[in-house]
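Summary of the model geometry
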Amino acid sequence: MIPLSVLDLSPITEGGTASQSLANTLDLARHAERLGYRRYWLAEHHNMPGIASAATSVVIAHVAAGTSTIRVGAGGIMLPNHAPLVIAEQFGTLAALHPGRIDLGLGRAPGTDMATARALRRNLDAGVDSFPQDVVELIGYFQPAEPGQRIRAVPGEGQNVPVWILGSSTYGAQLAAMLGLPYAFASHFAPAEMEHAIDIYRSRFQPSAQLDKPYVMLGLNVIAAATDAEAELLFSSLQQAFVNLRTGRPGPLPPPVAGYRSQIEPMASAMLDQALSCAIAGSPETVRSGLDAFIRRTGADELMVTAQIFDHAARVRSFEILADAHRELSQAA
C-alpha cells in the first residue's frame, strides 16, 4: 500500500486566532507522526484570512522542532515570490537543524492575488516566466560548491534537500519530467487535468541524480467521521470556504452548516462538484472503499491528504480514521 502524507493549510477558524491555528498545526503533526504518515507539508498563501502558514519556512521550523521522525516540508513554496538563494538558505538551515527530514516543494503560482504578489515582489517582470531557470538555480545551491564559486548558500550547499515540482496543470508535469524530479499534483482543489498531467509526467520522465523513475503524489481531501452524515456535515466547512473564495469573499474557515449544498445556487454547486471531485467524505467504510478506488484509478505513488475541518478534535479524529482505513487496506493487500 502506498504511503499517506498530510497537507496542512494551518486553517484559522471563525472566532479563532493564528496562535491557536499554529498550535493546532503542531498538535496534528505529532498525531500524524504517531499514526505513521510519511510527510507533513505546509503551504505558502498570502493575504488569506483563513490560512496561517504564509511564513512557510518559519512554520516548518516550528513543526520540525516539535516532532522527531516525520518528514516536514513545503507544499509548497511559491518560488516566483522569492529569490532562489533566499529559499536555498532557508531550507539549507532547516536541513542543518533537522537532517534528513526536510522536503521542498516548489510552485509556480503566486499563492495570492496579483496586488499582493506585487507587494511581495515589487515587480512582476520576471517571476512566473523564469520559473524553470529559478528551479535549476535553486537546486544548484544545494550541490557541493565548485572551486571558485562566488555565490554560495550557507547553510545550503551540500545539503541535497529533496526538491519536488508542484502543479495544477500540465506545465508542472512537463517541467518535473524534464528535470527528473518528483511531481505533486493539486488534485485536491484543481482536478480537471490530473490524469492528463500524470500521463505527460510519466511518459516524458528523464532520470536524474535525485530520482531514477517517475514518482507521483496526488492531493486528496478526506473528511472522515463515525457516520456518513457526520462527515458530510464536517465537509460543509470546506465547501463554504471554496464558494467564499471563488466569489471574492475569502475569510476564516466557517463552522459547518447542516444541509449546506441544498442552500446554494446551482452554479456554486456545480463548481464544488468540479473543484472537489477528488474528495472522500464519510464513515470508516466509505473512506476505506473511496481510498482504495482512488489509488486504483490513478496509480499514485503517494497521497497527500488534506482536511479542512472546523473543530480541531474532529480533524485529528479524521486522520486517525484514515490511518486505520489505510492500515486495513495494507493488510488486505
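The structure we're discussing is the one just above.
These lines cover the structure that appears in this document, whether it is placed above or below. (Residues numbered from 1 in each chain as written. Predicted model: local features only at pLDDT ≥ 70, side-chain atom pairs only at ≥ 80, totals over all residues. Heavy atoms only, no water.)

**Digging into the pattern of salt bridges**
Pairing between side chains of opposite charge can happen when the charged atoms of each approach one another. As enumerated under the stated definition, the model contains 12 salt bridges in all. Measuring nitrogen to oxygen at the nearest pair gives 2.7 Å for the salt bridge that ties Arg 261 to Asp 273. Of the two residues, Arg 261 sits in the loop between helix H8 (228–246) and helix H9 (266–275) while Asp 273 sits in helix H9, which places them 12 residues apart along the sequence. Its relative accessible area of 49% is what places Asp 273 among the partly exposed residues. Across the pair Arg 317 and Glu 320 runs a salt bridge, and its minimum N-O distance is 3.2 Å. With Arg 317 and Glu 320 both in helix H11 (residues 312–332) and three residues apart, this pair spans about one turn of that helix. (Salt bridge = Lys/Arg side-chain N within 4 Å of Asp/Glu carboxyl O. Helix = DSSP H or I, 4+ residues; strand = E, 2+ residues; numbered from the N terminus. Buried < 20%, exposed > 50% of the residue type's maximum accessible area, 1.4 Å probe, protein only.)

**Overview of the layout of surface pockets**
Put simply, the second largest pocket is a space of about 210 Å³. Looking at the second largest pocket, the residues that line it are Ile 139, Phe 142, Gln 143, Asn 160, Val 161, Pro 162, Val 163, Leu 179, Leu 181, Ser 208, Ala 209 and Gln 210. Of the residues in the lining of the second largest pocket, the class split is eight nonpolar, four polar and no charged. (1 Å grid on protein atoms, 1.4 Å probe; cavity = no way out; pocket = protein on both sides within 12 Å on 5 of 7 lines; lining within 4 Å. Points joined across faces, edges and corners; volume = space filled by probe spheres on them. Nonpolar A, V, L, I, M, F, W, Y, C, P; charged D, E, K, R; others polar.)

**Some points on H8**
Taking 1.5 Å of rise per residue, 19 residues should cover 27 Å, and H8 covers 26 Å from first to last C-alpha, within 8% of that figure. Maximal helix bending in H8 amounts to about 25°, located at Ser 236. The complete set of buried residues in H8 reads Ala 231, Leu 234, Phe 235, Ser 236, Ser 237, Leu 238, Gln 239, Gln 240, Phe 242, Val 243 and Asn 244. Residues of H8 that are buried in the fold lie against strand E7 (216–224), H9, strand E8 (279–282) and H11. The positive-phi residue at the C-terminal boundary of H8 is Gly 248, with phi of around 75°. (Expected span 1.5 Å × (residues − 1). Bend = angle between axes of the 7 residues up to and from the residue. Contact = heavy atoms within 4.5 Å.)

**Concerning the environment of Leu 211**
Within the secondary structure, Leu 211 is located in the loop between helix H7 (194–204) and E7. Not counting residues within four places of it along the chain, the set of residues in contact with Leu 211 comprises Gly 180, Leu 181, Pro 182, Tyr 201 and Phe 205.

**A closer look at H11**
Between its terminal C-alpha atoms H11 stretches 31 Å, which fits the 30 Å expected from 21 residues at 1.5 Å a residue. Its side-chain oxygen at 3.3 Å from the backbone nitrogen of Ala 313, Asp 311 defines the N-terminal cap of H11. (Polar contact = N/O pair within 3.5 Å; in protein donor to acceptor, adjacent residues only side chain to side chain.)

**Thoughts on the packing of H7 against helix H10 (residues 284–298)**
In contact at an axis separation of 11 Å, H7 and H10 are set at 45° when each is read in the N-to-C sense. Taken as axis vectors, H7 and H10 run oblique relative to one another. Contacts between H7 and H10 involve Met 194, Glu 195, Ile 198 and Arg 202 from the first element and Phe 294, Arg 297 and Thr 298 from the second. In terms of residue class, the contact of H7 with H10 is built from three nonpolar, one polar and three charged. (Axes fitted to C-alpha atoms, helices over the stretch in contact; angles between N-to-C directions. Parallel < 35°, antiparallel > 145°, perpendicular 65-115°, else oblique.)

**A look at the packing of helix H3 (residues 84–97) against helix H5 (residues 131–141)**
Where H3 meets H5, the axes come as close as 9 Å, and the angle between the chain directions of the two elements is 40°. Classed by the angle they form, the pair H3 and H5 counts as oblique. Classified by chirality, the crossing of H5 by H3 is right-handed. Residues Pro 84, Leu 85, Ile 87 and Ala 88 of H3 touch H5, and the partners they reach there are Asp 134, Glu 137, Leu 138 and Tyr 141. (Left-handed = near helix turned anticlockwise from the far one by under 90°.)

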